[in-house]
Amino acid sequence: MQSIRQPTWRDLLTLLLGYVVLDWASYFHSLHELNITPWNPAPALGLIYLLRFGGVAFLPLALAIFLADAWVRHLPVSFMVSAGLSVLLAAGYWLIAALLRRRLSTGAIFSDQRGLLEWAVIVVVGTLLNSAFYVATLRFGNLIPGSSAQDAFIRNWVGDFVGVLVTMPLLWLLLDGRGALLVHAILRSWESFGYLAATVLALWISFGVDVAAEFKYFYLLFPPVMWAASRRGLAGAVFSVAIVQIGIICAVQILGYSAVNVLEIQILAAVLAVFGFFIGVVVDEKQRVSAELRQTLRLAAAGEMAGALAHELNQPLTALSAYGSACKMLVEQGQTGPQLSEVVDRMVAETFRAGDVLRRLRDFFRTGATRLE
(Lines give C-alpha, C1' and ligand atoms only; values in the text may rest on other atoms or scores of the structure.)
Protein backbone atom coordinates (compact mmCIF):
# COMPACT_ATOMS: atom_id res chain seq x y z
CA MET A 1 0.00 0.00 0.00
CA GLN A 2 1.00 3.63 -0.06
CA SER A 3 3.38 4.76 2.67
CA ILE A 4 1.83 6.01 5.90
CA ARG A 5 1.77 9.78 6.26
CA GLN A 6 0.49 12.23 8.82
CA PRO A 7 -3.10 13.39 8.28
CA THR A 8 -3.86 17.08 7.93
CA TRP A 9 -6.78 18.82 9.57
CA ARG A 10 -8.61 18.57 6.22
CA ASP A 11 -8.13 14.80 6.22
CA LEU A 12 -9.53 14.53 9.74
CA LEU A 13 -12.46 16.80 8.90
CA THR A 14 -13.22 14.74 5.79
CA LEU A 15 -13.21 11.57 7.87
CA LEU A 16 -15.52 12.98 10.54
CA LEU A 17 -18.03 14.61 8.20
CA GLY A 18 -17.83 11.88 5.57
CA TYR A 19 -18.46 9.12 8.10
CA VAL A 20 -21.47 10.91 9.61
CA VAL A 21 -22.96 11.69 6.17
CA LEU A 22 -22.54 8.10 4.95
CA ASP A 23 -24.03 6.80 8.18
CA TRP A 24 -26.99 9.13 7.79
CA ALA A 25 -27.52 8.05 4.17
CA SER A 26 -27.58 4.36 5.16
CA TYR A 27 -29.66 4.68 8.31
CA PHE A 28 -32.74 2.60 7.47
CA HIS A 29 -34.12 -0.67 8.84
CA SER A 30 -31.94 -0.11 11.90
CA LEU A 31 -32.20 -2.76 14.60
CA HIS A 32 -32.74 -1.36 18.12
CA GLU A 33 -31.39 2.03 16.94
CA LEU A 34 -27.89 0.54 16.85
CA ASN A 35 -25.22 0.45 14.16
CA ILE A 36 -26.99 -2.53 12.58
CA THR A 37 -28.41 -1.81 9.12
CA PRO A 38 -28.64 -3.77 5.84
CA TRP A 39 -26.14 -1.40 4.20
CA ASN A 40 -23.32 0.28 6.11
CA PRO A 41 -20.88 2.11 3.77
CA ALA A 42 -19.30 4.35 6.45
CA PRO A 43 -16.71 1.73 7.58
CA ALA A 44 -15.30 1.78 4.03
CA LEU A 45 -14.20 5.37 4.60
CA GLY A 46 -12.72 4.44 7.97
CA LEU A 47 -10.74 1.56 6.44
CA ILE A 48 -9.29 3.84 3.76
CA TYR A 49 -8.07 6.32 6.37
CA LEU A 50 -6.62 3.53 8.49
CA LEU A 51 -4.76 2.21 5.45
CA ARG A 52 -3.38 5.62 4.54
CA PHE A 53 -2.59 7.00 7.98
CA GLY A 54 -2.18 3.87 10.09
CA GLY A 55 -2.90 3.98 13.81
CA VAL A 56 -3.00 7.79 13.75
CA ALA A 57 -6.52 7.53 12.26
CA PHE A 58 -7.77 5.20 15.02
CA LEU A 59 -8.99 7.84 17.48
CA PRO A 60 -10.49 10.09 14.76
CA LEU A 61 -12.38 7.06 13.45
CA ALA A 62 -13.65 6.20 16.93
CA LEU A 63 -14.75 9.83 17.31
CA ALA A 64 -16.54 9.68 13.95
CA ILE A 65 -18.42 6.55 15.03
CA PHE A 66 -19.33 8.21 18.33
CA LEU A 67 -20.64 11.32 16.55
CA ALA A 68 -22.69 9.21 14.15
CA ASP A 69 -24.26 7.35 17.08
CA ALA A 70 -25.08 10.64 18.79
CA TRP A 71 -26.34 12.72 15.85
CA VAL A 72 -27.81 10.12 13.50
CA ARG A 73 -29.12 7.34 15.73
CA HIS A 74 -29.50 9.14 19.05
CA LEU A 75 -28.20 5.96 20.67
CA PRO A 76 -30.22 5.32 23.88
CA VAL A 77 -27.19 4.54 26.06
CA SER A 78 -24.92 6.47 28.38
CA PHE A 79 -21.93 8.50 27.19
CA MET A 80 -19.42 5.94 28.44
CA VAL A 81 -21.22 3.00 26.83
CA SER A 82 -21.47 4.82 23.51
CA ALA A 83 -17.78 5.74 23.67
CA GLY A 84 -16.85 2.14 24.50
CA LEU A 85 -18.86 0.77 21.58
CA SER A 86 -17.23 3.31 19.25
CA VAL A 87 -13.74 2.27 20.36
CA LEU A 88 -14.72 -1.39 19.99
CA LEU A 89 -15.88 -0.94 16.39
CA ALA A 90 -12.88 1.23 15.50
CA ALA A 91 -10.55 -1.46 16.90
CA GLY A 92 -12.20 -4.10 14.72
CA TYR A 93 -11.82 -1.96 11.61
CA TRP A 94 -8.20 -1.22 12.56
CA LEU A 95 -7.46 -4.97 12.65
CA ILE A 96 -9.06 -5.42 9.22
CA ALA A 97 -6.99 -2.53 7.84
CA ALA A 98 -3.80 -3.96 9.36
CA LEU A 99 -4.45 -7.30 7.66
CA LEU A 100 -5.18 -5.57 4.36
CA ARG A 101 -1.93 -3.62 4.61
CA ARG A 102 0.08 -6.81 5.17
CA ARG A 103 -1.49 -8.72 2.28
CA LEU A 104 -1.83 -5.98 -0.32
CA SER A 105 1.47 -4.35 -1.28
CA THR A 106 0.49 -2.19 -4.25
CA GLY A 107 -0.55 1.45 -4.33
CA ALA A 108 -4.20 0.49 -4.89
CA ILE A 109 -6.71 -1.64 -3.03
CA PHE A 110 -6.22 -4.35 -5.62
CA SER A 111 -4.59 -4.31 -9.04
CA ASP A 112 -4.86 -7.92 -10.18
CA GLN A 113 -7.12 -10.94 -9.82
CA ARG A 114 -5.29 -12.33 -6.81
CA GLY A 115 -5.36 -8.97 -5.06
CA LEU A 116 -9.10 -8.71 -5.67
CA LEU A 117 -9.69 -12.17 -4.22
CA GLU A 118 -7.56 -11.50 -1.14
CA TRP A 119 -9.22 -8.12 -0.57
CA ALA A 120 -12.72 -9.62 -0.82
CA VAL A 121 -11.88 -12.53 1.49
CA ILE A 122 -10.29 -10.26 4.10
CA VAL A 123 -13.29 -7.93 4.03
CA VAL A 124 -15.87 -10.72 4.29
CA VAL A 125 -14.08 -12.68 7.01
CA GLY A 126 -12.91 -9.59 8.89
CA THR A 127 -16.37 -8.04 9.05
CA LEU A 128 -17.81 -11.41 10.08
CA LEU A 129 -15.49 -11.65 13.10
CA ASN A 130 -15.95 -7.99 13.93
CA SER A 131 -19.74 -8.31 13.78
CA ALA A 132 -19.72 -11.45 15.93
CA PHE A 133 -17.64 -9.75 18.63
CA TYR A 134 -19.68 -6.54 18.46
CA VAL A 135 -23.06 -8.32 18.73
CA ALA A 136 -21.71 -10.56 21.52
CA THR A 137 -20.72 -7.41 23.43
CA LEU A 138 -24.18 -5.92 22.91
CA ARG A 139 -25.79 -9.12 24.13
CA PHE A 140 -23.49 -9.32 27.15
CA GLY A 141 -24.42 -5.75 28.05
CA ASN A 142 -28.15 -6.49 27.63
CA LEU A 143 -28.40 -3.90 24.85
CA ILE A 144 -30.21 -6.41 22.64
CA PRO A 145 -32.47 -9.31 23.72
CA GLY A 146 -31.27 -12.86 23.26
CA SER A 147 -33.95 -13.55 20.66
CA SER A 148 -32.51 -10.80 18.41
CA ALA A 149 -28.84 -11.79 18.67
CA GLN A 150 -28.75 -13.98 15.57
CA ASP A 151 -30.71 -11.49 13.49
CA ALA A 152 -28.49 -8.67 14.74
CA PHE A 153 -25.35 -10.57 13.80
CA ILE A 154 -26.55 -11.36 10.26
CA ARG A 155 -27.74 -7.82 9.63
CA ASN A 156 -24.58 -6.24 10.98
CA TRP A 157 -22.29 -8.56 9.05
CA VAL A 158 -24.16 -8.24 5.73
CA GLY A 159 -24.44 -4.47 6.15
CA ASP A 160 -20.73 -4.09 6.85
CA PHE A 161 -19.25 -6.38 4.20
CA VAL A 162 -21.65 -5.20 1.47
CA GLY A 163 -21.05 -1.58 2.40
CA VAL A 164 -17.27 -2.04 2.27
CA LEU A 165 -17.22 -4.19 -0.90
CA VAL A 166 -19.40 -1.78 -2.86
CA THR A 167 -18.23 1.57 -1.49
CA MET A 168 -14.53 1.21 -0.64
CA PRO A 169 -13.20 1.09 -4.25
CA LEU A 170 -15.23 4.18 -5.19
CA LEU A 171 -14.07 6.17 -2.17
CA TRP A 172 -10.48 5.08 -2.79
CA LEU A 173 -10.63 6.41 -6.36
CA LEU A 174 -12.25 9.68 -5.30
CA LEU A 175 -9.67 10.29 -2.56
CA ASP A 176 -6.74 9.40 -4.84
CA GLY A 177 -5.42 11.95 -7.34
CA ARG A 178 -5.01 9.58 -10.27
CA GLY A 179 -8.23 7.76 -9.45
CA ALA A 180 -10.19 11.02 -9.31
CA LEU A 181 -8.91 11.84 -12.81
CA LEU A 182 -10.17 8.48 -14.07
CA VAL A 183 -13.61 9.05 -12.56
CA HIS A 184 -13.67 12.59 -13.99
CA ALA A 185 -12.80 11.24 -17.45
CA ILE A 186 -15.66 8.75 -17.21
CA LEU A 187 -18.12 11.45 -16.14
CA ARG A 188 -17.07 13.66 -19.07
CA SER A 189 -17.54 10.85 -21.56
CA TRP A 190 -20.79 10.61 -23.49
CA GLU A 191 -20.60 6.86 -22.99
CA SER A 192 -21.25 7.35 -19.28
CA PHE A 193 -24.79 8.46 -20.15
CA GLY A 194 -25.21 5.10 -21.85
CA TYR A 195 -24.11 3.31 -18.66
CA LEU A 196 -26.55 5.41 -16.67
CA ALA A 197 -29.46 4.88 -19.07
CA ALA A 198 -28.86 1.12 -19.24
CA THR A 199 -28.67 0.91 -15.43
CA VAL A 200 -31.87 2.93 -14.96
CA LEU A 201 -33.68 0.70 -17.46
CA ALA A 202 -32.44 -2.45 -15.74
CA LEU A 203 -33.48 -1.09 -12.33
CA TRP A 204 -36.93 -0.19 -13.64
CA ILE A 205 -37.42 -3.69 -15.05
CA SER A 206 -36.02 -5.34 -11.92
CA PHE A 207 -38.04 -3.38 -9.38
CA GLY A 208 -40.81 -1.55 -11.23
CA VAL A 209 -42.32 -3.87 -13.82
CA ASP A 210 -43.57 -6.57 -11.47
CA VAL A 211 -43.24 -5.71 -7.78
CA ALA A 212 -44.70 -9.05 -6.77
CA ALA A 213 -41.86 -10.80 -8.60
CA GLU A 214 -39.50 -9.71 -5.78
CA PHE A 215 -36.44 -8.74 -7.83
CA LYS A 216 -36.27 -11.96 -9.86
CA TYR A 217 -35.07 -9.81 -12.79
CA PHE A 218 -32.02 -8.70 -10.83
CA TYR A 219 -29.74 -10.42 -13.36
CA LEU A 220 -30.56 -7.60 -15.81
CA LEU A 221 -28.28 -5.34 -13.77
CA PHE A 222 -25.24 -7.36 -14.81
CA PRO A 223 -25.02 -6.21 -18.49
CA PRO A 224 -24.58 -2.47 -17.70
CA VAL A 225 -21.81 -3.30 -15.23
CA MET A 226 -20.17 -5.63 -17.77
CA TRP A 227 -20.35 -2.90 -20.41
CA ALA A 228 -18.73 -0.26 -18.22
CA ALA A 229 -16.06 -2.64 -16.92
CA SER A 230 -15.11 -3.91 -20.37
CA ARG A 231 -14.83 -0.39 -21.75
CA ARG A 232 -13.25 1.47 -18.82
CA GLY A 233 -11.64 -1.23 -16.73
CA LEU A 234 -11.82 -1.14 -12.95
CA ALA A 235 -12.71 2.56 -12.83
CA GLY A 236 -15.72 1.90 -15.09
CA ALA A 237 -16.79 -1.06 -12.97
CA VAL A 238 -16.56 1.00 -9.78
CA PHE A 239 -18.56 3.81 -11.37
CA SER A 240 -21.27 1.47 -12.66
CA VAL A 241 -21.54 -0.51 -9.41
CA ALA A 242 -21.96 2.75 -7.47
CA ILE A 243 -24.86 3.77 -9.74
CA VAL A 244 -26.47 0.36 -9.28
CA GLN A 245 -26.12 0.52 -5.50
CA ILE A 246 -27.64 4.01 -5.31
CA GLY A 247 -30.50 2.85 -7.50
CA ILE A 248 -31.07 -0.24 -5.36
CA ILE A 249 -31.20 1.79 -2.15
CA CYS A 250 -33.65 4.27 -3.69
CA ALA A 251 -35.82 1.44 -5.05
CA VAL A 252 -36.09 -0.49 -1.78
CA GLN A 253 -36.88 2.72 0.11
CA ILE A 254 -39.57 3.81 -2.34
CA LEU A 255 -41.14 0.36 -2.59
CA GLY A 256 -40.93 -0.22 1.17
CA TYR A 257 -39.14 -3.55 1.07
CA SER A 258 -38.79 -5.43 4.33
CA ALA A 259 -35.42 -5.82 6.08
CA VAL A 260 -35.24 -9.48 5.02
CA ASN A 261 -35.70 -8.63 1.35
CA VAL A 262 -33.18 -5.81 1.59
CA LEU A 263 -30.62 -8.22 3.04
CA GLU A 264 -31.14 -10.61 0.13
CA ILE A 265 -30.83 -7.79 -2.41
CA GLN A 266 -27.66 -6.52 -0.77
CA ILE A 267 -26.04 -9.94 -0.99
CA LEU A 268 -26.88 -9.98 -4.70
CA ALA A 269 -25.42 -6.47 -4.99
CA ALA A 270 -22.18 -7.69 -3.39
CA VAL A 271 -21.96 -10.54 -5.93
CA LEU A 272 -22.61 -8.05 -8.73
CA ALA A 273 -19.87 -5.75 -7.41
CA VAL A 274 -17.23 -8.48 -7.20
CA PHE A 275 -18.24 -9.69 -10.67
CA GLY A 276 -17.84 -6.20 -12.11
CA PHE A 277 -14.54 -5.60 -10.32
CA PHE A 278 -13.20 -8.90 -11.65
CA ILE A 279 -13.96 -7.92 -15.25
CA GLY A 280 -12.45 -4.47 -14.66
CA VAL A 281 -9.27 -5.95 -13.20
CA VAL A 282 -8.93 -8.38 -16.13
CA VAL A 283 -9.34 -5.51 -18.62
CA ASP A 284 -6.76 -3.39 -16.78
CA GLU A 285 -4.34 -6.33 -16.66
CA LYS A 286 -4.75 -6.86 -20.40
CA GLN A 287 -4.06 -3.18 -21.07
CA ARG A 288 -0.96 -3.25 -18.86
CA VAL A 289 0.34 -6.37 -20.60
CA SER A 290 -0.30 -4.78 -24.01
CA ALA A 291 1.55 -1.63 -22.95
CA GLU A 292 4.47 -3.67 -21.62
CA LEU A 293 4.56 -5.70 -24.84
CA ARG A 294 4.60 -2.55 -26.96
CA GLN A 295 7.44 -1.16 -24.86
CA THR A 296 9.35 -4.43 -25.21
CA LEU A 297 8.85 -4.39 -28.98
CA ARG A 298 10.05 -0.80 -29.15
CA LEU A 299 13.18 -1.71 -27.21
CA ALA A 300 13.74 -4.75 -29.42
CA ALA A 301 13.30 -2.59 -32.54
CA ALA A 302 15.78 -0.08 -31.14
CA GLY A 303 18.27 -2.89 -30.55
CA GLU A 304 17.77 -4.21 -34.06
CA MET A 305 18.21 -0.73 -35.48
CA ALA A 306 21.42 -0.21 -33.51
CA GLY A 307 22.78 -3.54 -34.75
CA ALA A 308 21.82 -2.71 -38.34
CA LEU A 309 23.46 0.70 -38.12
CA ALA A 310 26.64 -0.78 -36.65
CA HIS A 311 26.79 -3.43 -39.36
CA GLU A 312 25.95 -1.19 -42.33
CA LEU A 313 28.14 1.74 -41.28
CA ASN A 314 31.13 -0.33 -40.24
CA GLN A 315 32.42 -0.89 -43.80
CA PRO A 316 32.25 2.74 -45.07
CA LEU A 317 33.70 4.06 -41.80
CA THR A 318 36.54 1.53 -41.98
CA ALA A 319 37.19 2.55 -45.60
CA LEU A 320 37.13 6.23 -44.66
CA SER A 321 39.70 5.57 -41.95
CA ALA A 322 41.95 3.71 -44.38
CA TYR A 323 41.66 6.37 -47.07
CA GLY A 324 42.30 9.10 -44.49
CA SER A 325 45.49 7.36 -43.42
CA ALA A 326 46.53 7.01 -47.07
CA CYS A 327 45.93 10.72 -47.66
CA LYS A 328 48.08 11.56 -44.66
CA MET A 329 50.90 9.37 -45.97
CA LEU A 330 50.67 10.92 -49.47
CA VAL A 331 50.72 14.45 -48.05
CA GLU A 332 53.75 13.59 -45.90
CA GLN A 333 55.48 12.29 -49.07
CA GLY A 334 54.73 15.57 -50.79
CA GLN A 335 52.42 14.09 -53.43
CA THR A 336 49.64 16.35 -54.68
CA GLY A 337 48.91 14.76 -58.03
CA PRO A 338 46.33 12.33 -59.41
CA GLN A 339 47.01 9.65 -56.80
CA LEU A 340 45.99 11.96 -53.92
CA SER A 341 42.96 13.14 -55.88
CA GLU A 342 41.86 9.54 -56.46
CA VAL A 343 42.06 8.74 -52.71
CA VAL A 344 40.03 11.86 -51.88
CA ASP A 345 37.40 10.85 -54.47
CA ARG A 346 37.12 7.43 -52.83
CA MET A 347 36.66 9.08 -49.41
CA VAL A 348 33.81 11.18 -50.83
CA ALA A 349 32.24 8.05 -52.33
CA GLU A 350 32.35 6.31 -48.95
CA THR A 351 30.64 9.27 -47.28
CA PHE A 352 27.84 9.04 -49.87
CA ARG A 353 27.66 5.31 -49.18
CA ALA A 354 27.26 5.92 -45.43
CA GLY A 355 24.61 8.56 -46.12
CA ASP A 356 22.74 6.14 -48.36
CA VAL A 357 22.71 3.57 -45.54
CA LEU A 358 21.18 6.08 -43.14
CA ARG A 359 18.65 7.16 -45.78
CA ARG A 360 17.53 3.57 -46.44
CA LEU A 361 17.14 2.89 -42.71
CA ARG A 362 15.11 6.08 -42.32
CA ASP A 363 12.83 5.07 -45.19
CA PHE A 364 12.39 1.61 -43.68
CA PHE A 365 11.30 2.89 -40.25
CA ARG A 366 9.09 5.51 -41.86
CA THR A 367 7.33 3.38 -44.53
CA GLY A 368 8.48 -0.19 -44.00
CA ALA A 369 9.92 -0.33 -47.54
CA THR A 370 13.08 -2.35 -48.13
CA ARG A 371 15.53 -2.77 -51.02
CA LEU A 372 17.50 -5.97 -51.02
CA GLU A 373 21.00 -5.93 -52.51
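Residues numbered from 1 in each chain as written. Predicted model: local features only at pLDDT ≥ 70, side-chain atom pairs only at ≥ 80, totals over all residues. Heavy atoms only, no water.

1. A closer look at the overall build of the protein chain
Here is step 1: In terms of regular secondary structure, the protein chain is built from eleven helices and zero strands.
Here is step 2: Sequence-ordered secondary structure for the protein chain, helices as α and strands as β, is α-α-α-α-α-α-α-α-α-α-α.
Here is step 3: Computed over C-alpha atoms, the radius of gyration of the protein chain comes to 33 Å, more than 25% over the 21 Å expected from 2.2 N^0.38 for 373 residues, which places it beyond the range of a compact globule.
Here is step 4: Overall size of the protein chain, expressed as C-alpha extent along the three principal axes, is 115 × 50 × 30 Å.
Here is step 5: Looking at the protein chain as a whole, 45% of its 373 residues are labelled buried.
Here is step 6: By sequence separation, contacts in the protein chain at least 24 residues apart represent 74% of the contacts at least 6 residues apart.
Here is step 7: Surface summary for the protein chain: the accessible area is close to 19,600 Å², and the carbon and sulfur share equals 66%. (Helix = DSSP H or I, 4+ residues; strand = E, 2+ residues; numbered from the N terminus. Rg over C-alpha atoms; globule rule 2.2 N^0.38 Å. Buried < 20%, exposed > 50% of the residue type's maximum accessible area, 1.4 Å probe, protein only. Contact = heavy atoms within 4.5 Å. Areas by Shrake-Rupley, 256 points an atom, 1.4 Å probe, with all protein chains shown as cover.)

2. Some words on empty space enclosed by the protein
Here is step 1: In total, this model carries one cavity of 30 Å³ or more according to the counting rule given.
Here is step 2: The wall of the largest cavity is formed by P7, L12, L15, Y49, F53, A57 and P60.
Here is step 3: Residue assignment for the lining of the largest cavity shows that the elements contributing at least two residues are α1 (9-25) and α2 (42-53).
Here is step 4: Counted by class, the lining of the largest cavity contains seven nonpolar, no polar and no charged residues. (1 Å grid on protein atoms, 1.4 Å probe; cavity = no way out; pocket = protein on both sides within 12 Å on 5 of 7 lines; lining within 4 Å. Points joined across faces, edges and corners; volume = space filled by probe spheres on them. Nonpolar A, V, L, I, M, F, W, Y, C, P; charged D, E, K, R; others polar.)

3. Quick look at the nonpolar core
Here is step 1: In this structure, Y93, W119, M168, I248 and F277 are the most contacted members of the largest nonpolar core, which totals 96 residues.
Here is step 2: Among the elements that make up this core, the one with the highest residue count is helix α9 (residues 222-255) (16 residues).
Here is step 3: Non-local contacts of Y93, meaning those with residues more than four positions away in its chain, are made with Y19, N35, N40, P43, L47, L50, L61, I65, N130 and D160. (Core = buried A, V, L, I, M, F, W, Y, C linked by side-chain atoms within 4.5 Å.)

4. Digging into the side chain of S82
Here is step 1: Tracing the backbone shows S82 in helix α4 (residues 79-103).
Here is step 2: Non-local contacts of S82, meaning those with residues more than four positions away in its chain, are made with F66, D69, L75 and V77.

5. A look at the environment of Y49
Here is step 1: Within the secondary structure, Y49 sits in helix α2.
Here is step 2: Residue Y49 is classed as buried on the basis of its relative accessible area, which comes to 5%.
Here is step 3: A sequence separation of 94 residues divides Y49 from L143, and the C-alpha atoms of the two residues are 29 Å apart.
Here is step 4: In this view, Y49 contacts D11, T14, L15, G54, A57 and L175; residues no more than four positions away in its chain are not counted.

6. Quick word on the pattern of salt bridges
Here is step 1: If you walk through the whole model with that rule in mind, you get five salt bridges.
Here is step 2: Note that D23 is salt-bridged to R73, the shortest N-O span being 2.5 Å. A residue pair is termed long-range when its members are at least 10 positions apart, and D23 in helix α1 and R73 in helix α3 (residues 58-73) qualify at 50 residues.
Here is step 3: Since its relative accessible area comes to 1%, D23 is described here as buried. (Salt bridge = Lys/Arg side-chain N within 4 Å of Asp/Glu carboxyl O.)

7. Brief notes about the packing of aromatic side chains
Here is step 1: Using the criterion set out here, one finds nine aromatic pairs in the structure.
Here is step 2: On the numbers, 4.9 Å between centres and 85° between planes, the contact of Y195 with W227 is edge-to-face. Linking Y195 in helix α8 (residues 191-207) with W227 in helix α9, this pair joins segments that are 32 residues apart in sequence.
Here is step 3: Classification of Y195 as buried rests on a relative accessible area of 1%. (Phe/Tyr/Trp six-rings, centres within 6.5 Å; stacked < 30°, edge-to-face > 60°.)

8. Overview of the packing of α4 against helix α5 (residues 113-140)
Here is step 1: Where α4 contacts α5, the two axes come as close as 10 Å, and the packing angle between them is 160°. When the interaxial angle is binned, α4 and α5 end up roughly antiparallel. The interaxial crossing formed by α4 with α5 has right-handed handedness. Residues L85, L88, L89, G92, Y93, I96, L99, L100 and R103 of α4 touch α5, and the partners they reach there are R114, E118, W119, I122, G126, T127, N130, F133, Y134, T137 and L138.
Here is step 2: Here the contact of α4 with α5 is built from residues that sort into twelve nonpolar, five polar and three charged. (Axes fitted to C-alpha atoms, helices over the stretch in contact; angles between N-to-C directions. Parallel < 35°, antiparallel > 145°, perpendicular 65-115°, else oblique. Left-handed = near helix turned anticlockwise from the far one by under 90°.)

9. Structural notes on a nonpolar patch on the surface
Here is step 1: Taken together, the side chains of L117, V121, V125 and L129 make up a nonpolar region of the molecular surface, amounting to roughly 370 Å² of accessible area.
Here is step 2: Here L129 shows up in helix α5.
Here is step 3: Here L129 falls in the exposed class, since its relative accessible area comes to 55%. (Patch = residues over 30% accessible without salt bridge, like charges linked within 9 Å, V, L, I, M, F, W, Y side chains within 5 Å.)

10. Focus: α2
Here is step 1: Taking 1.5 Å per residue as the helical rise, α2 with its twelve residues ought to reach 16 Å, and the 17 Å between its terminal C-alpha atoms agrees with that figure.
Here is step 2: Burial within α2 is extensive, with twelve of its twelve residues counted as buried.
Here is step 3: Taken together, the buried positions of α2 are A42, P43, A44, L45, G46, L47, I48, Y49, L50, L51, R52 and F53.
Here is step 4: Of the surrounding secondary structure, the elements contacted by the buried residues of α2 are α1, α3, α4 and α6 (149-175).
Here is step 5: Just downstream of α2, G54 is the residue with a positive phi angle, here 65°. (Expected span 1.5 Å × (residues − 1).)

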